[in-house]
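Observations on the model geometry
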Amino acid sequence: MSNLALLGGTPIISEPLKPYRSIGEKEKKAVNEVMDSGVISGFYGSWNDKFWGGEKVKQFEKSWAKQFDVKHAISVNSNTSGLYASMAAIGISPGDEVIVSPYTMSATAMAPLGYGAIPVFADIEPETFGLDPKSVEQKISPRTKAILVTNIFGHAARLKELKALADKHDLYLIEDNAQAPLGTEDGKYCGTIGDIGIFSLNYHKHIHTGEGGICTTNDDALAERLAMVRNHAEAVVEPAGVENLVNMFGFNLRMTELSAAIGIVQLEDIDDHINKRIKLSEALSDAINGLDGVTAPHVRDGCKHVYYVWAAKVDKDILGISRTTLSKALITEGLSNFEGYLNPLYLLPIFQKRIAMGRDGFPFNQSDVTYEKGMCPVVEDMKYNRLLGFAPCMYDVSDHDIKQLQDICHKVFENIDDLKKYEKEQEQ
Ligand SMILES: *Cc1c(COP(=O)(O)O)cnc(C)c1O
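First, a word on scope: everything that follows refers to the structure included in this document. (Residues numbered from 1 in each chain as written. Predicted model: local features only at pLDDT ≥ 70, side-chain atom pairs only at ≥ 80, totals over all residues. Heavy atoms only, no water.)

1. Some thoughts on the site of the ligand
Applied cut-off: Near residues are defined by distance, with any heavy atom within 4 Å of the molecule or strand qualifying the residue. By the criterion applied in these results, polar contacts are pairs of N or O atoms within 3.5 Å in which, for protein atoms, one can donate a hydrogen and the other can accept it, and in which residues neighboring in sequence qualify only through two side-chain atoms. Per-residue and other accessible areas were derived by the Shrake-Rupley procedure at a 1.4 Å probe size, with only the shown protein chains allowed to occlude residues.
In the neighbourhood of the ligand, 14 residues make up the surrounding shell, with Thr 80, Asp 176, Ser 200, Asn 202 and Lys 205 lying closest. Side-chain polar atom of Ser 200 to an oxygen atom of the ligand: 2.7 Å apart, as the coordinates give it. For the ligand, an oxygen atom lies 3.1 Å from a polar atom in the side chain of Lys 205. Burial of the ligand by the surrounding chains reaches 93%, relative to a free accessible area of 380 Å².

The following block contains the structure:
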């Protein structure tokens with residue numbers, strides 16, 4: 001008889017881990033100050049000095065730009081909003097193509113569609129799961145206008161290489177940096193290497209304001225266009241003297257003073273929030289170190305990983321059991337898995353049925369770009385066979401919890417033969 005919880009034994013952790021809580025007294029005080037002021041949003045949707053936002057919004061943007069060593073930070077009400085605003089700012093037009101990753105949150109791949117452009121999927125690298133520059137280059141066509149890359153799980157994609165590729169072909173490089181605040185490549189912050197970087201401040205991210213997002217850029221003109229789209233651009237282009245009207249119809253993507261006030265104090269503690277996730281992730285990597293068939297998350301030379309997800313890779317042939325069985329064994333012992341992004345994005349109905357905007361299949365009906373299964377072999381292999389993930393951002397763990405999570409890894413791997421037997425029985 002095995003003592004694995006999956007096979008009837010006692011789990012190492014029987015209570016769910018505590019959810020991560022980054023909202024404390026500081027945040028409450030900051031919000032109450034705004035409440036007392038009565039001005040819970042400072043924006044005006046017309047051309048006056050409040051067009052650029054309230055005091056807290058402006059202060060938050062200034063602090064963000066300083067923290068990330070970038071010229072401009074433009075707050076929005078979500079990362080998704082920031083993705084749309086970035087497509088507007090760079091002048092994406094119907095029929096353009098934007099190269100995206102199939103291995104990211106769906107929002108990344110939707111942004112081009114918002115402006116009638118076509119998402120084109122390139123494959124990812126098997127080590128750190130970011131866009132593979134070689135695959136990207138093969139997908140560049142005369143219609144390509146931008147590469148929209150995700151720094152997935154908290155690790156930089158090959159940003160320097162992708163920027164060089166973008167420059168060579170006269171394309172924009174946009175970074176979806178929802179998952180990698182303070183991640184770096186060669187000493188430069190993720191989100192500041194492309195023309196625009198977009199961060200998320202939703203509840204599940206490293207630091208948050210409930211909902212929220214922020215765009216970064218070193219380009220003055222792009223910064224102005226982002227801020228215009230955020231706040232009813234069409235109504236102010238004339239008094240503002242804006243001449244480039246491309247995509248200058250705006251939305252209301254504005255951040256409230258309440259969110260900005262939370263953002264300001266969260267940002268003060270960003271190192272602490274991120275270091276906790278790194279500590280937990282490194283402990284998990286240590287616990288599986290030396291085991292044949294499971295590889296801890298890879299950190300490329302010169303990069304800092306900030307672990308939105310700790311994503312290990314499983315090799316079934318070496319390990320002798322499938323990823324699914326291993327995952328079940330870990331979960332029943334109390335190590336909850338991250339099970340996101342189970343399908344490559346191009347297999348979503350929107351691409352398979354080619355229905356996005358309106359009834360007639362626009363913009364796909366204008367394009368011969370296709371979305372067939374098998375088109376990105378690395379991502380398909382990864383999703384179905386290999387990935388073992390844990391989301392450190394979701395849990396508040398003590399040193400004791402960390403030790404127990406490590407014990408879970410040890411216990412499962414010491415009893416791997418029982419799992420092999422279990423799997424054989426399941427197959428029969
Ligand atoms: C969370 C996330 C988003 C969406 O962020 P919101 O702020 O919820 O809009 C987009 N892309 C990636 C990679 C994400 O992780």
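2. Section: the pairing of strand β5 (residues 172-176)
We apply this condition: The buried label goes to any residue with under 20% of its type's maximum accessible area, the exposed label to any with over 50%, and the partly exposed label to all in between, with areas taken from a 1.4 Å probe on protein chains only. Counting from the N terminus, the helices are the DSSP runs of H or I reaching at least four residues and the strands are the DSSP runs of E reaching at least two. A pair of strands counts as paired when DSSP detects no fewer than two bridges linking them. Orient the strands so they point away from the viewer, and a crossover whose first-strand-to-second-strand path over the helix runs clockwise is right-handed.
Most of β5 is tucked away, with four of its five residues classed as buried. Alignment of strand β4 (residues 144-150) against β5, held across five bridges, turns out to be parallel. By the bridge assignment for β5, Ala 146 is matched with Tyr 172. At this point the chain moves from β4, through helix α6 (residues 159-168), to the parallel β5, and the crossover so formed is right-handed. In this sheet, strand β8 (residues 196-200) lies alongside β5 in parallel orientation, the contact comprising three bridges. Its bridge partner being in β8, Glu 175 is matched across the sheet by Gly 197.

3. Some words on the pairing of strand β13 (residues 387-390)
Alternating positions in β13 separate into two faces, Leu 387 and Gly 389 on one and Leu 388 and Phe 390 on the other, with burial throughout. In terms of strand pairing, strand β12 (residues 310-314) meets β13 through four bridges, oriented antiparallel. By the bridge assignment for β13, Ala 312 is matched with Leu 388.

4. Quick word on the sheet that holds β5
Put simply, the test is: Only the stretch in contact is used when fitting a helix axis, every axis being a line fitted to C-alpha atoms; angles between N-to-C directions are given from 0 to 180 degrees. We call two residues contacting when some pair of their heavy atoms lies within 4.5 Å.
One open sheet holds the seven strands; their spatial order is β1-β9-β8-β5-β4-β2-β3, and the pairing between them is mixed. Each having just a single partner strand, β1 (72-76) and β3 (118-121) make up the two edges of the open sheet. Each adjacent strand pair in this sheet contributes to an overall mean axis angle of 25°, direction not counted. The strands touched by helix α3 (residues 79-89) are β1, β2 (97-100), β4, β5, β8 and β9 (213-217); relative to β8, the strand with the most contacts, the crossing angle is about 165°. Each of β4 and β5 touches α6; the most contacted strand, β5, lies at about 150° to it.

5. Remarks on unusual backbone geometry
In this structure, Pro 363 follows Phe 362 across a cis peptide bond, with omega equal to 0°. For Pro 363, the position within the fold is in the loop between α13 (349-352) and α14 (377-386). Positive phi is not limited to glycine here, since Asp 69 has a value of about 55°. Turning to its location among the elements, Asp 69 is positioned in the loop between α2 (55-67) and β1. Positive phi, close to 70°, is recorded for Phe 129, a residue that is not glycine. Its relative accessible area of 5% is what places Phe 129 among the buried residues.

6. A closer look at the sheet that holds strand β10 (residues 294-295)
Paired through their backbone hydrogen bonds, the strands of a sheet run either parallel or antiparallel. Strand order in this open sheet of three strands is β10-β12-β13, and the pairing throughout is antiparallel. Either end of the sheet is taken by a strand with one partner, and the two such strands are β10 and β13. The pairing of β10 with β12 spans two bridges and is antiparallel. Along β12, the bridge assignment pairs Val 294 with Val 314. Those strands touched by helix α10 (residues 270-288) are β10, β12 and β13, and its axis lies near 20° from that of β12.

7. As for the pattern of salt bridges
Note the cut-off: By convention in these notes, a salt bridge is any Lys or Arg side-chain nitrogen within 4 Å of a carboxyl oxygen on Asp or Glu.
What the rule picks out here adds up to 21 salt bridges. Residues Lys 313 and Glu 127 are paired through a salt bridge, measuring 3.9 Å at the closest nitrogen-oxygen approach. A residue pair is termed long-range when its members are at least 10 positions apart, and Lys 313 in strand β12 and Glu 127 in the loop between β3 and α5 (133-139) qualify at 186 residues. Given a relative accessible area of 18%, Lys 313 falls into the buried group. Overall, the relative accessible area of 43% leaves Glu 127 in the partly exposed class. In this structure, Arg 158 engages Glu 161 in a salt bridge whose closest nitrogen and oxygen atoms are separated by 3.6 Å. Relative accessible area serves as the criterion here: at 24%, Arg 158 is assigned to the partly exposed category. Overall, the relative accessible area of 42% leaves Glu 161 in the partly exposed class. Here the salt bridges share partners, and the residues they tie into one network are Lys 26, Glu 268 and Asp 269.

8. Looking at the packing of α3 against helix α7 (residues 220-230)
What counts, and what does not: For classification, angles of less than 35 degrees are called roughly parallel, those exceeding 145 degrees roughly antiparallel, those between 65 and 115 degrees roughly perpendicular, and all remaining angles oblique. Each crossing gets its hand from how the near helix is turned against the far one by less than a right angle, where anticlockwise is left-handed and clockwise is right-handed.
Contact geometry for α3 and α7: axes closest at 9 Å, N-to-C directions at 125°. In terms of axis orientation, α3 runs oblique to α7. Relative to α7, α3 is oriented so that their crossing is right-handed. Two secondary-structure elements touch here, α3 through Ala 85, Ser 86, Ala 88 and Ala 89 and α7 through Leu 222, Arg 225, Leu 226 and Val 229.

9. Some remarks on the nonpolar core
Rules: For our purposes a nonpolar core is just a set of buried Ala, Val, Leu, Ile, Met, Phe, Trp, Tyr and Cys residues, chained together by side-chain atoms within 4.5 Å.
The biggest cluster of nonpolar side chains holds 135 residues, and the ones touching the most others in it are Trp 64, Phe 121 and Leu 326. With eight residues, the top contributor of residues to this core is α10. Sequence-distant contacts of Leu 326, that is, excluding residues within four places in its chain, are made with Val 294, Val 314, Leu 319, Ile 321, Leu 388, Val 412 and Phe 413.

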